[in-house]
Each structure stands twice: as structure tokens, then as C-alpha cells.
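Structural characterization, general
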Amino acid sequence: MMLFEKLERDERTFAAGGQVAGIWLGITHVLLAGVIFYRLYILGQPDEELRDVQTILAISLFGHMITQLFLGGLLPVPTWRGMIVGYGVLAGTIASVCLAIYGVPEAAQWQNTWLPTLVGPALFIGLYRLVAWLGRRRIESLIGD
Amino acid sequence: MKEIAIASDLKLARVAKGWSQAETAERVGVTRQTIGLIEVGRYNPTIKLCLALARATERNLDDLFWIEGER
């Protein structure tokens, strides 16, 4: 006894499914980041209790970004100017939020405060640019230019 | 850049063949809903699907599909 009609798939349903998956993935990322922020900085829960959620979010976010970039042309490749502006916005936002919540850190704690705030965004943007460049190079090699 | 919408003569072409939407869909390997959406201009088929439909209905590609507003 059939419980459902046969599910037929074609180019349209695959395209629509991809768009839907992308939208809900983005929503999930935002919600997870919001939950982490809320639990860390509003509820004051220790970082160790959120390692698993942070790890899952990082894997999903970077895996999604890297795959899209490497498949080629699915995300914009930043210019050098774009990278500098992006770094400034990212590092500035992180620094502002941390200063607002924790105040000015002690100089002796620079390895746990200023270092990750300044180096983290640089690594993120550098990795983004590298993968985007590798993905573009892959597509150009397929074209044969 | 304004999105290009594809118009088609698909309904006339398949009716001329005596096919339903479902029969047409089966011949080119898509769902009936996709054929229906193409006919009402709510889905832009890929060139691959356009060629498959042109071949199935024995029509020229240019006669079967065009950019909306250009005819």
C-alpha cells in the first residue's frame, strides 16, 4: 500500500531545494551564533560549556564557505581594498563588543584579548581570499584560459 | 542587471502533438509541475531542457522559446 505519491525530482526541484537549504542554513548559523553570544555574554556561562556548539557552528560555517568558494564563483572574491575594509569592520566590531562587555583588558592579558581580536579576523579574511582565489583558478583551468 | 524571463510556445507545441503536460514531462524527464510552470512563465528552463523540449516537439528552439517582451 503506497503511503505517498512517488517523489519526482528535476532541475527545478533541485534548484529550489538548493535555495531553500541555503536560506535555512544561513538562518541556522545566525541563530546558533546568537545563542552562543547570549549564553556567553548575557548569561555568563563558561566557554567550555559551549565548545561543542561553537565547533559545530565553525565546521558548518567554514565548510559551507570553503565549498562554495572552491566550486568557483559562488561567493565574491574580495579585492585588497575590500579585505582591508572587511578586516577593519570585523576586528573593530569584535573589539567594540568585548570592550563594552569586559572593559579595557589588562596589558598582561594581551595574548587572550588583543591577540585573538586582531589576528582572528586577519586569518579569517586571509583564508577566505585564499580559497576564493583557488576556486577561481580551478574554474579558469576548466575553461582552459 | 534585470533578470531575463523566458516566454514559450510550449503549450501550443504540446497540444499540437496531442500531449498532456504529464506526457510532455515524461518525454523530457521532468515533473508535470515544471512543464506547467514553464507554460505560465513562472520558471526559466535551462538550455538543456529547452533543447530537449524543442527536440521532443519537433520545433526550432527560437520558435519555441524567446525572451519575454521581444515578441
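Because the structure is a prediction, the values reported are computed rather than measured. (Residues numbered from 1 in each chain as written. Chains lettered and ligands numbered in written order. Predicted model: local features only at pLDDT ≥ 70, side-chain atom pairs only at ≥ 80, totals over all residues. Heavy atoms only, no water.)

Points about the packing of helix α3 (residues 80-102) of chain A against helix α4 (residues 114-143) of chain A
Residue and element names in this part refer to chain A.
- Put simply, α3 and α4 touch, their axes get as near as 9 Å, and they point 150 degrees apart. When the axis of α3 is compared with that of α4, the two are roughly antiparallel. Between α3 and α4 the crossing geometry is right-handed. For the pair formed by α3 and α4, the contact residues are Trp80, Met83, Gly86, Tyr87, Leu90, Ala91, Ile94, Ala95 and Leu99 on the first element and Trp114, Thr117, Leu118, Pro121, Ala122, Phe124, Ile125 and Arg129 on the second.
- Considered class by class, the residues forming the contact of α3 with α4 number 14 nonpolar, 2 polar and 1 charged. (Axes fitted to C-alpha atoms, helices over the stretch in contact; angles between N-to-C directions. Helix = DSSP H or I, 4+ residues; strand = E, 2+ residues; numbered from the N terminus. Parallel < 35°, antiparallel > 145°, perpendicular 65-115°, else oblique. Left-handed = near helix turned anticlockwise from the far one by under 90°. Contact = heavy atoms within 4.5 Å. Nonpolar A, V, L, I, M, F, W, Y, C, P; charged D, E, K, R; others polar.)

Examining the confidence of the model for chain A
- Considering every residue of chain A, the mean pLDDT works out to 86; 96% of them sit at 70 or more.
- Averaged over each element, pLDDT in chain A is lowest for α4 of chain A (84) and highest for helix α1 (residues 11-42) of chain A (92). (pLDDT = per-residue confidence, 0-100.)

Remarks on the interface of chain B and chain A
- The partner chain A presents 5 residues to the 11 residues of chain B that form the contact.
- When the two sides are added together, the surface that chain B and chain A hide from each other amounts to roughly 610 Å², 48% of it contributed by carbon and sulfur.
- Contact with chain A buries area across many residues of chain B, yet Thr31, Thr34 and Tyr43 of chain B alone supply 59% of it, more than any other trio.
- Where chain B meets chain A, there are 0 salt bridges.
- The tally of links between chain B and chain A comes to 6 residue pairs in polar contact (both at pLDDT 80 or more).
- Ranked by residue count, the leading element in the side of chain B that touches chain A is helix α3 (residues 32-39) of chain B, at 4 residues. (Buried area = accessible area lost by both parts, 1.4 Å probe. Salt bridge = Lys/Arg side-chain N within 4 Å of Asp/Glu carboxyl O. Polar contact = N/O pair within 3.5 Å; in protein donor to acceptor, adjacent residues only side chain to side chain.)

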